[in-house]
Amino acid sequence: MTKLLEWLFGVSFVLVAWAVVSFDLLDLSLPQTYREVAWPMPLYLLVSFGCYSLATVGYRVATFNDCEEAAKELQEQIKEAKEDLRKKGLKM
Amino acid sequence: MLYADKYSVLLPTYNERENLPLIVWLLVKYFGESGYNYEIIVIDDGSPDGTLEIAEQLQKIYGEDKILLRPREKKLGLGTAYIHGIKHATGNFIFIMDADLSHHPKFIPEFIEKQKEGNYDLVSGTRYQGNGGVYGWDLRRKLISRGANFLTQVLLRPGASDLTGSFRLYKKKVLESLVERCVSKGYVFQMEMIVRARQLNYTIGEVPISFVDRVYGESKLGGNEIVSFVKGLLTLFATT
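Keep in mind it's a predicted model, so treat the numbers as computed, not measured.

### Some thoughts on the UniProt feature "transmembrane region" (unreviewed entry) in chain A
Stage number 1. Under the present numbering, the feature "transmembrane region" (unreviewed entry) in UniProt falls on residues 43–62 of chain A.
Stage number 2. With 100% helix and 0% strand, the stretch residues 43–62 of chain A has end C-alpha atoms that lie 28 Å from each other.

### Quick look at the UniProt feature "coiled-coil region" (unreviewed entry) in chain A
Stage number 1. The residues that UniProt annotates with the feature "coiled-coil region" (unreviewed entry) are residues 64–91 of chain A.
Stage number 2. Across residues 64–91 of chain A one finds 71% helix and 0% strand; the C-alpha atoms that close the span lie 39 Å apart.

### Thoughts on a nonpolar patch on the surface
Residues and elements named next belong to chain A.
Stage number 1. Together, Phe13, Val14, Val37, Met41, Tyr44 and Leu45 make up a nonpolar patch on the protein surface, roughly 620 Å² of accessible area in all.
Stage number 2. Contributions of two or more residues to the nonpolar patch are made by α1 (3–22) and α3 (41–62).
Stage number 3. Of all the elements, α3 adds the most residues to the nonpolar patch, at three residues.
Stage number 4. Under the relative-accessibility criterion, phenylalanine 13 is labelled exposed at 64%.

### Description of the pattern of salt bridges
Stage number 1. Counted according to the given criterion, the structure contains 15 salt bridges over all chains.
Stage number 2. In this structure, lysine 142 of chain B engages aspartate 66 of chain A in a salt bridge whose closest nitrogen and oxygen atoms are separated by 3.2 Å. One end of the pair, lysine 142 of chain B, is in helix α5 (residues 139–156); the other, aspartate 66 of chain A, is in the loop between α3 and α4 (68–87), on a second chain.
Stage number 3. The class for lysine 142 of chain B is buried, based on a relative accessible area of 9%.
Stage number 4. A residue is classified by how much of its surface remains accessible, and aspartate 66 of chain A, at 41% relative accessible area, is partly exposed.
Stage number 5. Here glutamate 39 of chain B and lysine 6 of chain B are joined by a salt bridge, their closest N and O atoms 3.6 Å apart. In this pair, glutamate 39 of chain B sits in strand β2 (residues 37–44) while lysine 6 of chain B sits in strand β1 (residues 6–13), placing the two residues 33 residues apart along the sequence. Here the two residues glutamate 39 of chain B and lysine 6 of chain B agree in accessibility, since each one is buried.

### Here we look at helix α3 (residues 78–88) of chain B
Stage number 1. The set of residues buried in α3 of chain B consists of Gly79, Ala81, Tyr82, Gly85 and Ile86 of chain B. Across the axial projection of α3 of chain B, the buried residues extend over an arc of 160°, all falling on one side.

### Observations regarding the packing of aromatic side chains
Residues and elements named next belong to chain B.
Stage number 1. Under the criterion given, the structure shown has 19 aromatic pairs over all chains.
Stage number 2. A ring pair is formed by tyrosine 82 and phenylalanine 189, whose centres lie 5.8 Å apart and whose planes are at 35°; its orientation type is tilted. Pair noted here: tyrosine 82 is in helix α3 and phenylalanine 189 is in helix α7 (residues 186–199), with a separation of 107 residues, a long-range link.
Stage number 3. The exposure class assigned to phenylalanine 189 is buried, which follows from its relative accessible area of 3%.
Stage number 4. Counting every residue linked through ring pairs, the aromatic cluster contains Tyr7, Phe31, Tyr36, Tyr38, Phe93, Phe95, Phe111 and Phe167.
Stage number 5. Looking at arginine 127, its charged tip hangs above the ring of phenylalanine 211, at a distance of 5.6 Å from the centre.

### Describing the UniProt feature "domain: Glycosyltransferase 2-like" (unreviewed entry) in chain B
Stage number 1. The sites that carry the UniProt feature "domain: Glycosyltransferase 2-like" (unreviewed entry) are, in the present numbering, residues 8–177 of chain B.
Stage number 2. In residues 8–177 of chain B, the share of helix is 44% and the share of strand is 19%. The end C-alpha atoms are 17 Å apart.

### Concerning the environment of leucine 20 of chain B
All names here are of chain B.
Stage number 1. Inspection of the secondary structure puts leucine 20 in helix α1 (residues 19–34).
Stage number 2. With 81 residues separating them along the chain, leucine 20 and leucine 101 place their C-alpha atoms 8.6 Å apart.
Stage number 3. Leaving out residues up to four positions away in the same chain, leucine 20 has contacts with Leu11, Thr13, Val42, Thr51, Ile54, Ala55 and Leu58.

### Digging into the interface of chain A and chain B
Stage number 1. The partner chain B presents 44 residues to the 35 residues of chain A that form the contact.
Stage number 2. Both faces considered, chain A and chain B share a buried interface measuring about 3500 Å² in area, 67% of it formed by carbon and sulfur atoms.
Stage number 3. Looking at the side of chain A facing chain B, the largest losses of area belong to Lys3, Phe64 and Leu74 of chain A, adding up to 19% of the total buried there.
Stage number 4. The tally of links from chain A across to chain B stands at three salt bridges.
Stage number 5. Between glutamate 6 of chain A and arginine 157 of chain B there is a salt bridge, with the nearest N and O atoms lying 2.6 Å from each other.

### Concerning the sheet that holds strand β5 (residues 122–126) of chain B
Residues and elements named next belong to chain B.
Stage number 1. The sheet built from seven strands is open, its strands ordered β3-β2-β1-β4-β7-β5-β8 with mixed pairing. At either margin of the open sheet sits one strand with a lone partner, and together these are β3 (67–69) and β8 (204–208). Sheet twist, expressed as the average angle between the axes of neighbouring strands with direction ignored, equals 25°.
Stage number 2. Inspection of the sheet shows β1 paired to β2 by eight bridges, in the parallel sense.

Quick notes on the rules
Residues numbered from 1 in each chain as written. Chains lettered and ligands numbered in written order. Predicted model: local features only at pLDDT ≥ 70, side-chain atom pairs only at ≥ 80, totals over all residues. Heavy atoms only, no water. UniProt positions renumbered as here; feature names shortened; annotations may be inferred. Helix = DSSP H or I, 4+ residues; strand = E, 2+ residues; numbered from the N terminus. Patch = residues over 30% accessible without salt bridge, like charges linked within 9 Å, V, L, I, M, F, W, Y side chains within 5 Å. Areas by Shrake-Rupley, 256 points an atom, 1.4 Å probe, with all protein chains shown as cover. Salt bridge = Lys/Arg side-chain N within 4 Å of Asp/Glu carboxyl O. Buried < 20%, exposed > 50% of the residue type's maximum accessible area, 1.4 Å probe, protein only. Arc of directions from axis to C-beta. Phe/Tyr/Trp six-rings, centres within 6.5 Å; stacked < 30°, edge-to-face > 60°. Lys NZ or Arg CZ within 6 Å of the ring centre and 35° of its normal. Contact = heavy atoms within 4.5 Å. Buried area = accessible area lost by both parts, 1.4 Å probe. Pairing = 2+ DSSP bridges. Axes fitted to C-alpha atoms, helices over the stretch in contact; angles between N-to-C directions.

Written out as structure tokens, the structure is:
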């Protein structure tokens, strides 16, 4: 099953469950509170996911390692390499 | 104990006259120090700047058993470069990496040890975990990188933290079977390799790496690349 299909199944399942509870499609006679809570759920979930995404990406950008050491080390090794290669006869 | 393992490093090059000697020097240094058996396969796509000529000099310095030249006539793309390189590789393991010094050979022993630790089918270098990271990226670039990676994780749930990275170690048979199945180009090609690896139940290990970008200033990540990335991502989402 492709990821797309997995998502479609998952979303359909959630929407059907939501519709059944919110609109009382199966005449389940659920307490009013269930319906009141279920009704805005899709919007809540979307907004929550949006906030989670922003927070996660923001955090990851903020903590993205800056490899200063690696860059310095590379510069030094480049010098060393050029010198050694010159000795070995490389004509750049 | 005799090491039966041999590591072939595939270096596709295009206009890397300046960098090729340096990356080869570093590879020789770190492989030499580690004692592992290796070869470096330079796949030059008809570079007009004389990369091949420099490669020939390096071959004289380090030996034809260590530096193999398998050039092609023109720029033919990464997937075919790997296929071409694999054909000539005598190792049972293959390293793929960039030849522009953004990937540092000092991580090679770590890749090898990681692979042995779990007998992984492939080991992927990650910029996003542990003390992996990047040098030379501004906020915009970091934001695009993390944002794209997040989107990829949500849509594909790939089981690897860095999908667009191209510093990897593969078992030769694994690389062969993946390359023939992958159809994408560019960044998406590297992503597709990981996604297909998961599909085929190959095991994936990770090693944090530092990525030193000396090129970013000259070639900013533009709208075109972003669009083609999203297209490629959606294609993978819908077809795998």
